[in-house]
Amino acid sequence: MDLMSRFIATVLGFLRCLCIVIWIEPWTKTPRPKPSPPSNYEDWHEWHAERDAIRGVDDWAIIDRHSAYDWQILRGLKRDLERCRQLGDDWGLCSHLRAQSARNMCGILSAALYRKSPVQTKRLIHDYITELRQSIAYLADRNSTNLGNIPVPIQEKRQVLHDMRRTLGRTSLLLQGGAMVSMSHLGVVKVLFEQRLLPQIITGTASGALVAALVCTTTDTDLPTMCRGSDINLDAFVRARLQRSTSRLSSWLRSPFLTTMRRRYKRYHATRHFFDIVVLGQCVRDNLKDITFEEAYAKTGRILNITIAMAEVAGTPQLLNYITAPHVLIWSAVVASIATSKQMYAPVQLLCKSDTGAVVPYFAADFAANKSKKLGSVHPEAPLQRIGELFNVNHFIVSQTRPYVAPFIQVQKWADYHQPFGIVVRLIFSELLHWMKTWNRLGLLPTSLQRVLIDEVVPSIASWSKVSITPILGLYDLVSLFDNPTTASIEKWSVRGERSTWPLICEIKCRCDVEIELNAAYASIRRRGLISPSSSD
């Protein structure tokens with residue numbers, strides 16, 4: 001019995017020592033450093049490319065067959081383009097290019113083709129887009145040979161490229177509002193510019209209008225520096241903070257959040273507005289100066305569109321750009337776009353430059369006589385639809401930062417990776433949107449929800465007409481939504497905007513590469529045509 005007791009005690013002691021060793025052993029080792037997240041798109045792309053090779057995605061990509069697109073027809077179209085280009089058949093190439101000027105040719109933009117990997121899709125799609133771009137560049141090249149065939153006149157080439165651009169349509173980058181979250185637009189613009197995917201047409205709404213204005217008034221040389229956020233002038237907020245007197249209560253609480261909330265409550269009690277639009281206006285003007293829409297277009301070549309929720313009085317446009325309001329000061333349009341909520345901000349007034357260069361009032365962004373009107377009845381045409389009519393835009397890259405919309409997009413993206421659950425979620429969201437439109441036509445939809453119909457819905461029923469870039473939002477982001485901006489917070493949001501854009505670069509390239517190549521080819525051949533109208537290749 002004693003022998004058995006000693007044996008059990010020995011075993012328990014051994015197990016106890018083993019447990020102690022197992023518990024202590026990790027502490028004796030030097031902790032392995034966690035891999036730092038990639039700081040740029042190239043490193044991120046390389047990491048995912050290696051991961052795709054391990055997971056077998058490369059083998060999936062080289063197989064043309066997939067039910068989401070017409071791979072057999074697409075392979076034939078690629079061969080036709082390649083044959084015409086190699087044989088120098090310019091007339092045949094013109095015919096094939098006219099027939100293939102569609103953004104979603106053979107269904108290459110189907111969502112299922114871009115869920116397997118964030119850095120690649122079917123190799124056939126990449127090869128087809130590359131061949132299409134090479135054929136467009138070949139057609140616009142002065143030195144292209146014809147091997148005895150009748151040469152295509154430069155006027156005919158210019159007409160082919162012009163028709164392709166009209167048929168393909170144009171892309172607009174849409175920067176939505178969202179208070180501090182809107183600063184992530186800077187990172188989105190930075191990545192698109194570095195990848196040569198930044199559209200010429202940029203639309204801004206609410207706080208997104210500020211970023212859109214900064215982009216459209218900054219030249220390409222200074223744009224990367226501006227997108228980092230360090231060059232944005234925030235002196236107006238610093239001056240306001242220095243002028244603010246600190247009460248005994250706030251000194252006792254020593255809480256910046258409670259101090260801010262108390263100050264905004266007192267402002268609302270006195271003026272019925274939570275935020276000081278004057279400080280915001282000073283900040284916007286410090287960064288944009290007194291530049292008009294027309295002057296910004298002449299400076300950078302980018303088309304700035306700013307949407308404002310205002311009544312159609314005296315011909316005042318809801319969509320402001322260098323066509324509808326060429327002499328309006330951009331900074332005043334940005335402030336008017338932000339101050340759409342009468343509970344948040346006081347009414348503002350648009351300003352413009354007169355013929356003598358003096359700054360004079362344009363139209364008020366708030367009309368007391370129309371407060372009883374519903375927004376849906378005041379605005380029969382959505383601003384995105386108007387942009388499509390003015391600039392032939394049929395494709396939108398939406399940088400979505402509205403806190404009440406972004407979570408739904410995140411849920412939809414998660415559900416799409418777990419089919420058929422994604423189909424059910426899309427059906428539910430489509431049904432909700434349908435009922436919102438019905439209630440709006442009956443005049444039963446609240447004004448806040450009407451903004452969703454006006455600002456969020458693109459004027460196309462095609463699923464490929466919109467791609468959304470949305471940063472992942474946490475609870476703390478919602479709490480700090482209306483904090484005053486600082487250089488550190490802007491840089492932080494810019495980085496988050498970059499990271500949210502990286503997974504969509506592959507898809508955006510498939511959507512926009514042909515459009516960008518067409519614009520460059522058309523501009524090149526048009527310049528040569530103006531110099532020598534009778535010249536031909």
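Once a new chain begins, its residue numbering starts again from 1 and follows that chain's sequence as written. Where totals are concerned, whole chains, interfaces and linings use all residues; where local detail is concerned, this predicted model gives features only for residues with pLDDT of at least 70, and gives and counts side-chain atom pairs only at 80 or more. Side-chain descriptors were evaluated using all non-hydrogen atoms of the structure, hydrogens and water having been removed beforehand.

Engineer: Tell me about the overall build of the protein, and name the residues and values.
Structural biologist: Segments assigned H or I by DSSP are reported as helices when at least four residues long, segments assigned E as strands when at least two residues long, and all are numbered from the N terminus. A tally of regular secondary structure across the protein gives 24 helices and eight strands. Remark: exposure states derive from per-residue accessible area (1.4 Å probe, protein chains only) relative to the maximum for the residue type, with buried under 20%, exposed over 50%, and partly exposed in between. Put simply, the protein has 537 residues, and 46% of those count as buried. In what follows, residue pairs with any heavy atoms lying within 4.5 Å of each other are defined as contacts. Contacts spanning at least 24 positions in sequence make up 79% of the contacts within the protein whose residues lie at least 6 apart. About 28,300 Å² of surface is accessible on the protein, with carbon and sulfur atoms providing 59% of the total. Reported accessibility uses the Shrake-Rupley method at a 1.4 Å probe radius. Residues are deemed covered only where the shown protein chains occlude them.

Engineer: Tell me about the packing of aromatic side chains, residues and numbers included.
Structural biologist: Any pair of Phe, Tyr and Trp rings, taking the six-membered ring for Trp, is counted once the centres come within 6.5 Å. Such a pair is stacked with planes under 30 degrees apart, edge-to-face with planes over 60 apart, and tilted for the rest. Scanning the entire structure with this criterion turns up four aromatic pairs. When the ring of Trp44 is compared with that of Trp502, the centres are 6.1 Å apart and the planes differ by 40 degrees; the resulting orientation is tilted. Taken together, the residues Trp44 in helix H2 (residues 41-55) and Trp502 in the loop between helix H23 (487-501) and helix H24 (505-531) connect sequence positions 458 residues apart. With a relative accessible area of 10%, Trp44 lands in the buried category. Measuring from centroid to centroid gives 4.1 Å for Tyr297 and Tyr322, while their planes differ by 10 degrees, and the two rings are stacked. On the criterion of sequence distance, the pair formed by Tyr297 in helix H15 (residues 293-300) and Tyr322 in the loop between strand S4 (319-320) and helix H16 (330-338) is long-range, its members being 25 residues apart.

Engineer: Outline unusual backbone geometry, listing residues and values.
Structural biologist: Note: most peptide bonds trans; most residues except glycine with negative phi. A positive phi angle is found at Ala179, which is not glycine, with a value near 55 degrees. Following the sequence through the fold, Ala179 ends up in the loop between strand S1 (170-175) and helix H8 (185-194). Judged by relative accessible area, Ala179 falls into the partly exposed class, the value being 26%. One non-glycine residue with positive phi stands out, namely Lys289, at about 60 degrees. With respect to the element layout, Lys289 can be found in the loop between helix H14 (277-288) and H15.

Engineer: Break down the packing of helix H9 (residues 207-216) against H16 for me, with residues and values.
Structural biologist: What describes two packed helices is the angle between their axes and the distance between those same axes. Lines fitted to the C-alpha atoms define the axes, with helices restricted to the stretch that makes contact. Angles between their N-to-C directions range from 0 to 180 degrees. The interhelical angle for the contact between H9 and H16, taken along N-to-C directions, is 160 degrees, at an axis separation of 7 Å. Here H9 lies roughly antiparallel to H16, going by the angle between them. Pair H9 / H16 crosses with right-handed handedness. Along its contact with H9, which presents Ser207, Ala209, Leu210 and Ala213, the element H16 presents Ile330, Val334, Ser337 and Ile338. The residue inventory of the contact of H9 with H16, partitioned by class, reads six nonpolar, two polar and no charged. The cut-offs work like this: below 35 degrees is roughly parallel, past 145 is roughly antiparallel, 65 to 115 is roughly perpendicular, and the gaps in between are oblique. When the near helix sits turned anticlockwise from the far one by under a right angle, the crossing is termed left-handed; a clockwise turn instead gives a right-handed crossing. Each residue gets one of three labels, nonpolar for Ala, Val, Leu, Ile, Met, Phe, Trp, Tyr, Cys and Pro, charged for Asp, Glu, Lys and Arg, and polar for the others, Gly among them.

Engineer: So what about the environment of His395? Which residues, and what values?
Structural biologist: One can find His395 in strand S7 (residues 393-399). Judged by relative accessible area, which is 0%, His395 ranks as buried. For the pair formed by His395 and Leu168, sequence separation is 227 residues and the distance between their alpha carbons is 9.5 Å.

Engineer: Could you give me a rundown of the pattern of salt bridges, with the residues and numbers involved?
Structural biologist: The salt bridge criterion pairs a side-chain nitrogen of Lys or Arg with a carboxyl oxygen of Asp or Glu, the two atoms within 4 Å. Under the criterion given, the structure shown has 17 salt bridges. The shortest N-O distance in the salt bridge between Asp64 and Arg75 comes to 3.1 Å. On the criterion of sequence distance, the pair formed by Asp64 in the loop between helix H3 (57-62) and helix H4 (71-87) and Arg75 in helix H4 is long-range, its members being 11 residues apart. By relative accessible area, Arg75 is classed as partly exposed at 28%. Through salt bridges that share partners, Arg98, Glu156 and Asp163 make up one connected network.

Engineer: So, a nonpolar patch on the surface: which residues are in play, and what are the values?
Structural biologist: Here the term patch refers to residues with relative accessible area over 30% and no salt bridge, with like charges joined within 9 Å and nonpolar side chains (Val, Leu, Ile, Met, Phe, Trp, Tyr) within 5 Å. Taken together, the side chains of Trp414, Phe421, Val424, Ile428 and Leu432 define a hydrophobic patch exposed on the protein surface, amounting to about 500 Å² of accessible area. At four residues, helix H20 (residues 421-441) tops the list of elements feeding residues into the nonpolar patch. The residue Val424 is located in helix H20 in this model. What makes Val424 partly exposed here is its relative accessible area of 43%.

Engineer: Provide a residue-level description of helix H5 (residues 90-99), including the pertinent values.
Structural biologist: An α-helical turn contains 3.6 residues, so any two residues separated by three or four positions project in the same direction. Taken together, the buried positions of H5 are occupied by Asp90, Gly92, Leu93, Cys94 and Leu97. Those residues of H5 that are buried lie in contact with H4, helix H6 (123-140) and helix H7 (154-168).

None of the figures reported here should be taken as evidence of function without further support.
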